[in-house]
Amino acid sequence: MIDDWTALAGESPASLATRAELVARWSEPHRRYHTLDHLAAVLGAISELSAPADDPAAVRLAAWFHDAVYDGRPGWDEERSAQLAQARLPACGVPAARVAEVARLVRLTAAHDTPAAGDRNGAVLCDADLAVLGRPGYDEYAARIRQEYAHVPDDLFRKGRAEVLRRLLAVPRLYRTGRARELWEERARANMSRELAALAAAQPGGDQA
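Residues numbered from 1 in each chain as written. Predicted model: local features only at pLDDT ≥ 70, side-chain atom pairs only at ≥ 80, totals over all residues. Heavy atoms only, no water.

Q: In this structure, what is going on with the side chain of Asp-127? I would like to understand it.
A: Within the secondary structure, Asp-127 sits in helix H7 (residues 120–129). Buried within the structure, Asp-127 lacks any salt-bridge partner; its nearest side chain of opposite charge belongs to Arg-176, at an N-O separation of 6.0 Å. Contact partners of Asp-127, with chain neighbours within four places excluded, come to Leu-49, Leu-174, Tyr-175, Arg-176, Thr-177, Ala-180 and Trp-184. (Helix = DSSP H or I, 4+ residues; strand = E, 2+ residues; numbered from the N terminus. Buried < 20%, exposed > 50% of the residue type's maximum accessible area, 1.4 Å probe, protein only. Lys, Arg positive; Asp, Glu negative; His and termini not counted. Salt bridge = Lys/Arg side-chain N within 4 Å of Asp/Glu carboxyl O. Contact = heavy atoms within 4.5 Å.)

Q: Would you explain the packing of aromatic side chains in this entry?
A: How two aromatic rings sit relative to each other is set out by the distance from centre to centre and by the angle between their planes. All chains considered together, the criterion is met by 6 aromatic pairs. Seen in terms of ring centroids, Trp-5 and Trp-64 are 5.1 Å apart; in terms of plane orientation they differ by 65°. Their pairing is edge-to-face. Note that Trp-5 is positioned in helix H1 (residues 5–9) and Trp-64 in helix H4 (residues 56–65), a separation of 59 residues in sequence. Residue Trp-5 is classed as buried on the basis of its relative accessible area, which comes to 0%. Each member of the aromatic cluster is reached from another via a ring pair, and the members are Trp-5, Trp-64 and Phe-65. Lying across the ring of Trp-26, Arg-31 places its NZ or CZ 5.3 Å from the centre. Just above the ring of Phe-157 sits the side chain of Arg-146; from NZ or CZ to the centre is 4.3 Å. (Phe/Tyr/Trp six-rings, centres within 6.5 Å; stacked < 30°, edge-to-face > 60°. Lys NZ or Arg CZ within 6 Å of the ring centre and 35° of its normal.)

Q: Would you explain the nonpolar core in this entry?
A: Across soluble globular proteins, nonpolar side chains show a tendency to be buried alongside one another. Residues Phe-65, Leu-89, Val-102 and Leu-133 are the most contacted members of the largest nonpolar core, which totals 62 residues. Looking at which element gives the most residues to this core, the answer is H4, with 8 residues. Ignoring sequence-local partners within four residues, the contact set of Phe-65 consists of Trp-5, Thr-18, Leu-22, Ser-81, Leu-84, Ala-85, Arg-88, Leu-89, Val-102 and Val-106. (Core = buried A, V, L, I, M, F, W, Y, C linked by side-chain atoms within 4.5 Å.)

If you want it as structure tokens, here you go:
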């Protein structure tokens, strides 16, 4: 899936240099989950969901950039990734309107639950980014997220992770597209509920049974 870059941004020297930069960023040694495998998985999920998108190319470009900057600083990482897209894509010949849309979409992935009604591009990107929650391999995904936050003490990580899971579980529909709900909603909710229970049990004084 990551071979589709030139179809999106052309084969100019600037485009090829940007692709090389992005691959290098996604390959940084501190990453455990937000790697090239994650990028390929998101691009693959977009292919499953892309029919509702108004601008599938912008959605796929946003996937390339959405975790291009990843230092484990939620919100800030997405903002810097959006700024990177705004800095690199014009030189690749991507039209200004699409560059702006890519940056907007990247910023949406900071929370995933913010696409407005009718935001078809945002729905596809956010659903694709969250597809892992409802696919096989959830436990490995959760373990890799913990590895990326290895510098955070256990109690603080459990608290922060539980807050994220509770927020995602609280929304009436985790996924915005009908196809994603059909594919992943039920399993995603079961997976997150199970992890949330395990986090609670691991708290001091929690049920260790």
